[in-house]
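# Residue-level structural notes
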Amino acid sequence: MSFTENIRILKTLNGKKISNAYKVFRSYKKSLRNGTSFHAGFPISISFEPTTSCNLRCPECPSGLRNFTRPTGMLEENFFQKTIDELSPHLVYLTFYFQGEPYLNPKFLDMAAYAAKKKIYTATSTNAHFITDETAKKTIESGLHRLIISIDGATQKSYEQYRIGGQLEKVIAGTKKIIEWKKKLKSKTPYVIFQFLVVKPNEHETEEIIKLGNELGVDEVKFKTAQVYDFENGNTLIPETEKFSRYKKNENGKWGIKNKLLNQCWRMWSGCVITWDGLVVPCCFDKDATHKLGDLKSNSFEKVWKSEGYEKFRSSILRSRGEIDICKNCTEGTEVWAES
C-alpha cells in the first residue's frame, strides 16, 4: 500500500480503534504460540458484498460463470447501516467487494458515503463499465478512499480473452471520468489503481499497461497473480513469466501453489467477509460461502464473531491449514506490485 494511503488510514484512527487493533494482534500472537485459538477484540477490516450480480463472464470467477449455489441479490442499505453502526467504533478498513460488480447496486455509493462519514477507510474494485459522468461525480463526492479498476489488457483482443463480454474502451472512458471529476472537485480521493490480472494472453502487455496508466493519470498500477481452479495439470491461463504466476511446476510434473500454506492466517483474526444477504464467511477465498460462520440477519455480529463455531474454524487453521479447501489457492506472498 502506498505511503499516501497509509497516511489516510492513520487519519481514521482513534484511541478505541488503536486499542482494538492491539488486542487483536496480541491474541493472534498468543494463538500462534499456544497452537490453540484465542481471540480478543473486533475486526480491524471487513469486506462487504454489494451484490453477486455481474455483467461479465470471466472464466475463473463463480459470478462470471454463473455457478454459485448461493442466491444472487443486492445488499440492502438498512442492513448495511445497521451492521456498520455495530462495527464502526473498532473498524478501520472496509472493502466494498467480494463477488459481483459493485456499481450494479444502485445504493452502493450511498453506502460508501455512510461508511466514510463514520471515519472508516473505504475501498472497492470495479470493472468500470458503469462509471458514467454522473456516477463518477458521485464516486468522488462519496468520500471513497480507494478505487481499484480491473483492466486486464492493453488491447481489446487480450482484454476480452479473460474479461469475456467486456469492452476495454468503456474501462478507459470510466477511468477518464473519475480522473476528470477528481480534478473538477479538487479531491485527492479516491486513490485510483489500475489492477492488471496477469494471465498468459496478456502477460506481454505489462509495460503497455503502465504506460496507459501514466497517460490517463491513475495513481498506481498493480499486477496481480491469477487464481485458477484447475491447476494441477497446468492451465492455459497460467502465465509463462514466473513472477506473475501463483503456481509452479513441481518435479513430478504436476503444478502446485507457491505458497507454503503455514498453519497460520492473520485474516482469521483481523477480519472477515459479509455477503449481501448477511452471511459471515472467513475470507474472500470462500466465494460460494461454503464455510458459513454465522448469519447477521438473525444474530448480532459480536455473537457470530465470538461464537464457538468461529473459534473452531480458527483452531483448524492453526492445526492443518493445508487441508482446508478455501486455503489451497491463497495468495499471501504471491502478489507483485508496480507503481506507475
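None of the values given here were measured: they were computed from a predicted structure.

What follows concerns the layout of surface pockets. Approximately 310 Å³ is the volume attributed to the second largest pocket. Its residues assigned to classes, the lining of the second largest pocket comprises 7 nonpolar, 4 polar and 5 charged.

Further remarks concern empty space enclosed by the protein. Counted under the stated rule, the structure contains 3 cavities of 30 Å³ or more. Of the voids in this model, the largest cavity is the one considered here, and its volume is about 80 Å³. Going through the elements one at a time, helix H10 (267–270) and helix H12 (308–320) are the ones with two or more residues in the lining of the largest cavity. Taken together, the residues of the lining of the largest cavity sort by class into 9 nonpolar, no polar and 2 charged.

A few words now on the side chain of Asp277. Along the chain, Asp277 falls in the loop between strand S9 (271–274) and strand S10 (279–281). At 4.9 Å, Arg70 is the nearest oppositely charged side chain to Asp277, a buried residue that forms no salt bridge. In this structure the side chain of Asp277 is engaged in a polar contact, spanning 2.6 Å, whose partner is the side chain of Thr275. When near neighbours in sequence (up to four residues on either side) are disregarded, Asp277 contacts Pro71, Asp295 and Lys297.

Judged by nonpolar contacts, the single largest core of 89 residues is most densely connected at Ile46, Phe48, Phe80 and Leu94. Of all the elements, helix H8 (residues 168–184) adds the most residues to this core, at 6 residues. Among all residues touching Phe48, those that are not within four sequence positions of it are Leu75, Phe79, Phe80, Thr83, Ile84, Leu94, Thr95, Phe96, Tyr97, Ile274 and Thr275.

Definitions and limits used
Residues numbered from 1 in each chain as written. Predicted model: local features only at pLDDT ≥ 70, side-chain atom pairs only at ≥ 80, totals over all residues. Heavy atoms only, no water. 1 Å grid on protein atoms, 1.4 Å probe; cavity = no way out; pocket = protein on both sides within 12 Å on 5 of 7 lines; lining within 4 Å. Points joined across faces, edges and corners; volume = space filled by probe spheres on them. Nonpolar A, V, L, I, M, F, W, Y, C, P; charged D, E, K, R; others polar. Helix = DSSP H or I, 4+ residues; strand = E, 2+ residues; numbered from the N terminus. Buried < 20%, exposed > 50% of the residue type's maximum accessible area, 1.4 Å probe, protein only. Lys, Arg positive; Asp, Glu negative; His and termini not counted. Salt bridge = Lys/Arg side-chain N within 4 Å of Asp/Glu carboxyl O. Polar contact = N/O pair within 3.5 Å; in protein donor to acceptor, adjacent residues only side chain to side chain. Contact = heavy atoms within 4.5 Å. Core = buried A, V, L, I, M, F, W, Y, C linked by side-chain atoms within 4.5 Å.

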